[in-house]
Protein chains: 2
Amino acid sequence: MTLRDISIGRLARDAGCKVQTIRYYEQIGLLPEPPRTAGNQRVYDKVHVKRLSFIRHSRELGFSLDAIRELLVLSDDPDQPCETVDRVAKSHLSEVVEKIARLTSLKSELERMVKQCKGGRIGACRIIEVLADHSHAHCLTDHSA
Amino acid sequence: MTLRDISIGRLARDAGCKVQTIRYYEQIGLLPEPPRTAGNQRVYDKVHVKRLSFIRHSRELGFSLDAIRELLVLSDDPDQPCETVDRVAKSHLSEVVEKIARLTSLKSELERMVKQCKGGRIGACRIIEVLADHSHAHCLTDHSA
DNA sequence: TCTTGAACCTATAGTGACTGTAGATATTAG
DNA sequence: CTAATATCTACAGTCACTATAGGTTCAAGA
Ligand SMILES: [Zn+2]
Ligand SMILES: [Zn+2]
Ligand SMILES: [Zn+2]
Ligand SMILES: [Zn+2]
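**Brief notes about the side chain of Arg42(B)**
Residue and element names in this part refer to chain B.
Okay, so step 1: Structurally, the position occupied by Arg42 is in the loop between helix 2 (19–27) and helix 3 (46–60).
Okay, so step 2: In terms of polar contacts, Arg42 uses its side chain to reach the side chain of Glu26, at 2.8 Å.
Okay, so step 3: If near-sequence neighbours (up to four positions away) are discounted, Arg42 is found in contact with Ile6, Ser7, Ile8, Arg23, Glu26, Pro34, Pro35 and Arg36.

**Focus: the pattern of salt bridges**
Okay, so step 1: By the definition in use, this model includes 18 salt bridges over all chains.
Okay, so step 2: Ionic pairing is found between Lys90(A) and Asp86(A), a salt bridge with its closest N-O pair at 3.0 Å. With Lys90(A) and Asp86(A) both in helix 5 (residues 83–116) and 4 residues apart, the pair spans about one turn of that helix.
Okay, so step 3: Owing to a relative accessible area of 44%, Lys90(A) belongs among the partly exposed residues under this scheme.
Okay, so step 4: A relative accessible area of 15% places Asp86(A) in the buried class.
Okay, so step 5: Where Asp76(B) meets Arg51(B), a salt bridge forms, and the shortest distance between an N and an O atom there is 3.4 Å. Highlighted residues: Asp76(B) in the loop between helix 4 (65–75) and helix 5 (83–116) and Arg51(B) in helix 3, separated in sequence by 25 residues.

**Here's the deal with the protein's contact with DNA strand D**
Okay, so step 1: Not every one of the 21 residues close to DNA strand D is listed here, only the nearest: Tyr25(A), Arg59(A), Gly9(B), Arg23(B) and Arg42(B).
Okay, so step 2: For DNA strand D, a phosphate oxygen lies 3.2 Å from a polar atom in the backbone of Gly39(A).
Okay, so step 3: In the environment of DNA strand D, a phosphate oxygen lies 2.7 Å from a nitrogen or oxygen atom belonging to the backbone of Arg42(B).
Okay, so step 4: The biggest single contributor to the surface near DNA strand D is helix 2 (residues 19–27) of chain A, with 4 residues.

**Here's the deal with the relation of the copies chain A and chain B**
Okay, so step 1: Placing chain A over chain B gives an RMSD of 0.2 Å and needs a rotation angle of 180°, together with 0.0 Å of translation along the axis. In short, the pair behaves as if placed about a two-fold rotation axis. Closest approach to the rotation axis within chain A is made by the C-alpha atom of Ile100(A), at a distance of 2.9 Å.
Okay, so step 2: The overlap is high: 100% of the interface residues of chain A also sit at the interface in chain B, so the same surface is used on both sides.

**Considerations on the domain arrangement of chain A**
Residues and elements named next belong to chain A.
Okay, so step 1: Structurally, chain A comprises domain 1 (1–77) and domain 2 (81–145).
Okay, so step 2: Facing the 7 residues of domain 1 at the interface are 6 residues of domain 2.
Okay, so step 3: Contact with domain 2 buries surface across domain 1, with Phe63, Glu70 and Leu74 losing the most and accounting together for 67% of the total.
Okay, so step 4: Between Arg87 and Glu70 there is a salt bridge; the shortest N-O distance is 3.1 Å.
Okay, so step 5: At the boundary of domain 1 and domain 2, one finds 3 residue pairs in polar contact (both at pLDDT 80 or more).
Okay, so step 6: Per-class residue counts for the side of domain 1 that touches domain 2 are 5 nonpolar, 1 polar and 1 charged.

**Examining the protein's contact with DNA strand C**
Okay, so step 1: For DNA strand C, the set of nearby residues contains 20 residues, the closest of which are Gly9(A), Arg23(A), Arg42(A), Tyr25(B) and Arg59(B).
Okay, so step 2: Of what DNA strand C places within 4 Å of the protein, 83% of the atoms are sugar or phosphate.
Okay, so step 3: Note that a phosphate oxygen of DNA strand C is positioned 2.7 Å from one of the backbone N or O atoms of Arg42(A).
Okay, so step 4: In the environment of DNA strand C, a base nitrogen lies 3.2 Å from a nitrogen or oxygen atom belonging to the side chain of Gln20(B).
Okay, so step 5: Mapped onto the surface near DNA strand C, the elements with two or more residues apiece are helix 1 (8–15) of chain A together with helix 2 and helix 3 of chain B.
Okay, so step 6: No other element matches helix 2 of chain B, which puts 4 residues into the surface near DNA strand C.
Okay, so step 7: Taken together, the residues that form the surface near DNA strand C break down as 4 nonpolar, 10 polar and 6 charged.

**Overview of the packing of aromatic side chains**
All names here are of chain A.
Okay, so step 1: By the definition in use, this model includes 2 aromatic pairs over all chains.
Okay, so step 2: With 6.0 Å between their ring centres and 45° between their planes, Tyr24 and Tyr25 make a pair best called tilted.
Okay, so step 3: Tyr24 gets classed as partly exposed once you look at its relative accessible area, which sits at 40%.

**Some points on the interface of chain A and chain B**
Okay, so step 1: With 56 residues of chain A at the interface, the matching set in chain B holds 56 residues.
Okay, so step 2: Taken together, the two surfaces of chain A and chain B that pack against each other cover about 4,800 Å², and 78% of this comes from carbon and sulfur.
Okay, so step 3: Across the contact surface, chain A and chain B share 2 salt bridges.
Okay, so step 4: For Arg121(A), the salt bridge identified is with Asp79(B), shortest N-O distance 3.0 Å.
Okay, so step 5: If you look at where chain A meets chain B, you find 22 residue pairs in polar contact (both at pLDDT 80 or more).
Okay, so step 6: Residue assignment for the side of chain A that touches chain B shows that the elements contributing at least two residues are helix 3 (46–60), helix 4 (65–75), helix 5 and helix 6 (126–132) of chain A.
Okay, so step 7: Among the elements that line the side of chain A that touches chain B, the one with the most residues is helix 5 of chain A, at 19 residues.
Okay, so step 8: Here the side of chain A that touches chain B is composed, by residue class, of 29 nonpolar, 15 polar and 12 charged.

Calculation notes
The residue numbering used here restarts from 1 in each chain and proceeds along that chain's sequence as written. Whichever chain is written first becomes A and whichever ligand is written first becomes 1, with later ones labelled in order. Only residues with pLDDT of 70 or above have their local features reported here, since the model is predicted, and side-chain atom pairs are shown and tallied only from 80 upward, although totals for entire chains, interfaces and linings are computed over all residues. As a convention, hydrogens and water are excluded, and side-chain values are obtained from all of the structure's heavy atoms. Secondary structure is summarised from DSSP: a helix means a run of H or I of at least four residues, a strand means a run of E of at least two, and numbering begins at the N terminus for each. The term polar contact refers here to a pair of N or O atoms within 3.5 Å; inside protein, the definition further demands a hydrogen-donor-capable atom paired with an acceptor-capable atom, and it admits residues adjacent in sequence only when both atoms are side-chain atoms. Contacts are assigned to residue pairs that have any heavy atoms within 4.5 Å of one another. For this document, the term salt bridge refers to a Lys or Arg side-chain nitrogen within 4 Å of an Asp or Glu carboxyl oxygen. Under the scheme applied here, a residue whose accessible area is under 20% of the maximum for its type counts as buried, over 50% as exposed, and between as partly exposed, the area being computed with a 1.4 Å probe on protein chains only. Any residue with at least one heavy atom within 4 Å of a molecule or strand is counted as near it. Only residues with pLDDT of at least 70 in both copies contribute their C-alpha atoms to the least-squares superposition of the copies. For each domain, the first and last residues come from an automatic or database assignment. Throughout, the accessible surface (probe 1.4 Å) given up by two parts as they are put together, summed over both, is called the buried area. Ten residue types, Ala, Val, Leu, Ile, Met, Phe, Trp, Tyr, Cys and Pro, are classed as nonpolar, four, Asp, Glu, Lys and Arg, as charged, and the remainder, Gly among them, as polar. Only the six-membered ring of Trp is used, alongside the rings of Phe and Tyr, when aromatic pairs are assigned; centres must lie within 6.5 Å, and planes under 30 degrees apart are stacked while those over 60 apart are edge-to-face, with the rest tilted.

The following block contains the structure:
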């Protein structure tokens, strides 16, 4: 136990995640198993800190754990061309763009619905009416597709 | 078994969902248990069709099953004022708006990253560099919050 | 040295909204 | 009658954690 040894709690505070999250990453093979103390507690070093930082930052940017797994393998091989890195990032970007598009059309639909509600009885509420109408006659966009 | 009896497969086709989804809705109490044939197979009628349509349309508009459960209870009580309906819809709308905001800032971040990659070796790739940098020095927004 | 309390350990279950599978039974068309 | 299709139950898997229970280890103060 030297001064530079890092406990799981300290690592979690530094990385801004929960202790269980770190154990989870270890369990699914995203973080390597660290050495243990005589009492069986995990001891981390700078290499683990770096790897966990990479994972957390990628998660904050919305990458899936599978994508991150791929990016980690690639980042361990600095002489390879970065085409695959680029592909992973671009594919994630296009997923984000798609999600925004879907949510934006949802937003106009919901705004329209909410605006039409005049605050009477439920039997006359346009919100309920629109939701109950599966023909989508009241709807702007084809959210069913 | 009259002509108007609807099998679970037929109901699923009409509603645009899987058979298992219907059984799942029944299991969590969102759809009432239908009567059965002598051979134990579910038999639906127009009431079920209506209720499932309401659920599916609401799901397409992004409402959670809990919100839908609330909306269904309300829609069964047409004389009540529609304030609660309005509140549920508005609260969902504001969640959608928030999601769009988060994804939009993610999008600019990712676009920036992808643009900076000049297609060399991984060791020099700006995408990997940004992801590895947990200080967020290369980042536009505070996606860590 | 002893004690207390925080931090750590494993194992397991739960989240949301389904989807997929296995193995058995029912129904329908030819 | 047979073969294909549909349905039945029960359970596991998805994603990325999060929470809990019940136990052990560690560090600091008296
Ligand atoms: Zn209303
Ligand atoms: Zn619609
Ligand atoms: Zn690159
Ligand atoms: Zn950042």
